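Secondary and tertiary structure notes
Each chain, letter by letter, is given below.
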Amino acid sequence: MRKAVAVRREEIVTAALAQIRVRGISGVRAADVAHALDVSAALVFYHFGTLETLVIEAFRQAAEDELGKLDAELRKGGPADQRLRSVLALYGPSAHDNWPLWIEAGAAAMRDSALRAVLQRLDLQWRDAVVALIGEGVGAGLFRCPDPRGAAWRLTALLDGLAVQVVAREGTVTAGDCDRWVAQAMAHELGC
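Residues numbered from 1 in each chain as written. Predicted model: local features only at pLDDT ≥ 70, side-chain atom pairs only at ≥ 80, totals over all residues. Heavy atoms only, no water.

What follows is about the packing of aromatic side chains. For any pair of aromatic rings, geometry is given as the distance between the ring centres together with the angle between the planes. One pass over the full model with this rule turns up 3 aromatic pairs. Both rings, one in phenylalanine 59 and one in tryptophan 102, keep their centres 6.1 Å apart while their planes meet at 55°; by these two values the pair is tilted. Of this pair, phenylalanine 59 sits in helix α4 (residues 51-75) while tryptophan 102 sits in helix α6 (residues 99-109); the two residues are 43 residues apart in sequence, bridging distant segments of the chain. Across this residue pair, the class does not change: phenylalanine 59 and tryptophan 102 are buried. With a centroid separation of 5.3 Å and 70° between ring planes, the pair formed by tyrosine 91 and tryptophan 126 is classed as edge-to-face. Here tyrosine 91 is found in helix α5 (residues 80-91), whereas its partner tryptophan 126 is found in helix α7 (residues 113-139), with 35 residues between them in sequence. On the basis of relative accessible area, tyrosine 91 is assigned to the buried category, the value being 6%. (Phe/Tyr/Trp six-rings, centres within 6.5 Å; stacked < 30°, edge-to-face > 60°. Helix = DSSP H or I, 4+ residues; strand = E, 2+ residues; numbered from the N terminus. Buried < 20%, exposed > 50% of the residue type's maximum accessible area, 1.4 Å probe, protein only.)

Here it is, written out as structure tokens:
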């Protein structure tokens, strides 16, 4: 029985992400994705045309999933300082297992403009949310911060760097280190 196109495409994307996690972007092959699903590589190419298109779609969907988590966190409501802490924790390397994907994609994006666009969109939406929460906290008197945009970029850049340490240099930085250093950076940046 044939599967609906949307179902088959979703299966292929999910299998591609799994293969990227294991093999990296440069190591993934359409044959590996097809083998994981017990289908032909021709079917993978039928749905996506090229391996590059499949990789971009896989990262686009992973980014959409991450943005859905961000949106859900933002909708919870509450004081801006609590929401900011929750958003930064969600952004951080100990909150989810997608950081290896983002690090891998970041390296590949230096040579792939389509992948770069996907990552920049994800990155900017996270930073815009952090800027908005800091601005909200300043407006409510919870934070003292003359430059919410700069503070947001510095805080998220800190988390980006910590993620590389956690993921690529196993054992050098712990989740407790991340939590402590982000709390210290927030106190410095936001006067809280």
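Quick look at unusual backbone geometry now. You will see that aspartate 38, though not glycine, has its phi angle at about 60°, which is positive. By the element assignment, aspartate 38 lies in the loop between α2 (30-37) and α3 (41-48).

We now examine the pattern of salt bridges. Going through the model one piece at a time under the given rule, you end up with 14 salt bridges. Across the salt bridge formed by glutamate 66 and lysine 69, the nearest N and O atoms sit 3.4 Å from each other. A residue pair is termed a helical-turn pair when its members lie 3 or 4 positions apart in one helix, as glutamate 66 and lysine 69 do in helix α4 at 3 residues. Exposure remark for glutamate 66: the relative accessible area of 2% places this residue in the buried category. The salt bridge involving glutamate 189 is made with arginine 154; its shortest N-O contact spans 2.6 Å. Here glutamate 189 is found in helix α9 (residues 175-190), whereas its partner arginine 154 is found in helix α8 (residues 148-168), with 35 residues between them in sequence. Residue classification places arginine 154 among the partly exposed positions, given a relative accessible area of 43%. Through salt bridges with shared partners, one network takes in Arg23, Arg29 and Asp32. (Salt bridge = Lys/Arg side-chain N within 4 Å of Asp/Glu carboxyl O.)

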